[in-house]
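So the chains spell out like this:
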Amino acid sequence: MTVGGSGSTVRLRAPLTAVGVTGPSMSPTLRHGDAVLVRRGGRPVCPGDVVVAVFRSRPELLVVKRAVRPQDGGWWLRGDNDLVTDDSRAYGVADVLGRVVFRYWPRPGRLTPKPI
């Protein structure tokens, strides 16, 4: 699932940044058209967190995925929808920019880590 907008133009400058998501890779947790708040900083990323990141092999592509494990100084990421493989299986290690902490549109609610 990519972050809405033109990808590389969306950067997390504020501690909390609102972003839109596109695509099916995080369904059912997040769906196309959802709007979320992303927190930069705060507690460290843990396995199971939903994050916004860039793959080292695709730095122009900002994505929303689930952190699986630390690897090579970055993170191995997976989407929640196993039918979509546009995650670390295709692009390798990613650098996490922030954690998704809250979906505010259209179904408000906190996103909690999921056991991996």
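Below or above, wherever it landed, is the structure these notes cover. (Residues numbered from 1 in each chain as written. Predicted model: local features only at pLDDT ≥ 70, side-chain atom pairs only at ≥ 80, totals over all residues. Heavy atoms only, no water.)

1. Some remarks on the nonpolar core
Then step 1. Among the nonpolar cores identified, the biggest contains 14 residues, and Leu 30, Val 36, Val 38, Val 50, Val 52, Val 64 and Val 100 are the most heavily contacted of them.
Then step 2. Broken down by secondary-structure element, the contributors of at least two residues to this core are strand 2 (16-22), strand 3 (35-39), strand 4 (50-55) and strand 5 (58-71).
Then step 3. With 3 residues, the top contributor of residues to this core is strand 4.
Then step 4. Judged by nonpolar contacts, the second largest core, of 9 residues, contains Val 51, Phe 55, Val 63 and Leu 77. (Core = buried A, V, L, I, M, F, W, Y, C linked by side-chain atoms within 4.5 Å. Buried < 20%, exposed > 50% of the residue type's maximum accessible area, 1.4 Å probe, protein only. Helix = DSSP H or I, 4+ residues; strand = E, 2+ residues; numbered from the N terminus.)

2. As for the side chain of Arg 99
Then step 1. With respect to the secondary-structure elements, Arg 99 resides in strand 7 (residues 94-105).
Then step 2. Those residues in contact with Arg 99, other than ones at most four positions away along the chain, are Leu 37, Val 38, Arg 39, Arg 43, Pro 44, Val 45, Asp 49, Val 50 and Val 51. (Contact = heavy atoms within 4.5 Å.)

3. Overview of the pairing of strand 7
Then step 1. Both strand 3 and strand 7 contribute to a ladder of 5 bridges, which runs antiparallel. Counterpart to Arg 39 in the pairing with strand 7 is Arg 99.
Then step 2. Note: strand 4 against strand 7, 5 bridges, orientation antiparallel. In the strand pairing of strand 7, Val 54 is matched with Asp 95.
Then step 3. As paired strands, strand 7 and strand 8 (residues 109-110) are joined by 2 bridges and run antiparallel to one another. In the sheet register, Phe 102 faces strand 8, and the bridge partner there is Arg 110. (Pairing = 2+ DSSP bridges.)

4. Here we look at the pattern of salt bridges
Then step 1. Taken as a whole and assessed by the stated rule, the structure comprises 10 salt bridges.
Then step 2. A salt bridge links Asp 87 to Arg 89; its shortest N-O distance comes to 2.7 Å.
Then step 3. On the basis of relative accessibility, which here comes to 0%, the residue Asp 87 falls in the buried class.
Then step 4. Salt bridges linked by common partners bring Arg 78, Asp 82, Asp 87 and Arg 89 together as one network. (Salt bridge = Lys/Arg side-chain N within 4 Å of Asp/Glu carboxyl O.)

5. Re the environment of Leu 37
Then step 1. In this fold, Leu 37 is placed in strand 3.
Then step 2. Judged by relative accessible area, which is 25%, Leu 37 ranks as partly exposed.
Then step 3. Taking the C-alpha atoms as reference points, Leu 37 and Val 101, separated by 64 residues in sequence, lie 6.0 Å from one another.
Then step 4. Every residue in contact with Leu 37, bar those within four places of it in the chain, is listed here: Thr 17, Ala 18, Arg 99, Val 100, Val 101, Phe 102 and Tyr 104.

6. Some points on the pairing of strand 4
Then step 1. Of all 6 residues in strand 4, 6 are buried, a share of seventy percent or more.
Then step 2. Taking every second residue as pointing to the same face, both faces of strand 4 are buried, with Val 50, Val 52 and Val 54 on one and Val 51, Ala 53 and Phe 55 on the other.
Then step 3. When strand 4 meets strand 5, the two strands line up antiparallel, connected through 6 bridges. Counterpart to Val 51 in the pairing with strand 5 is Lys 65.
Then step 4. Linking strand 4 back to strand 5 in an antiparallel pair, the connection comprises 2 residues.

Keep in mind these values describe shape, not function.
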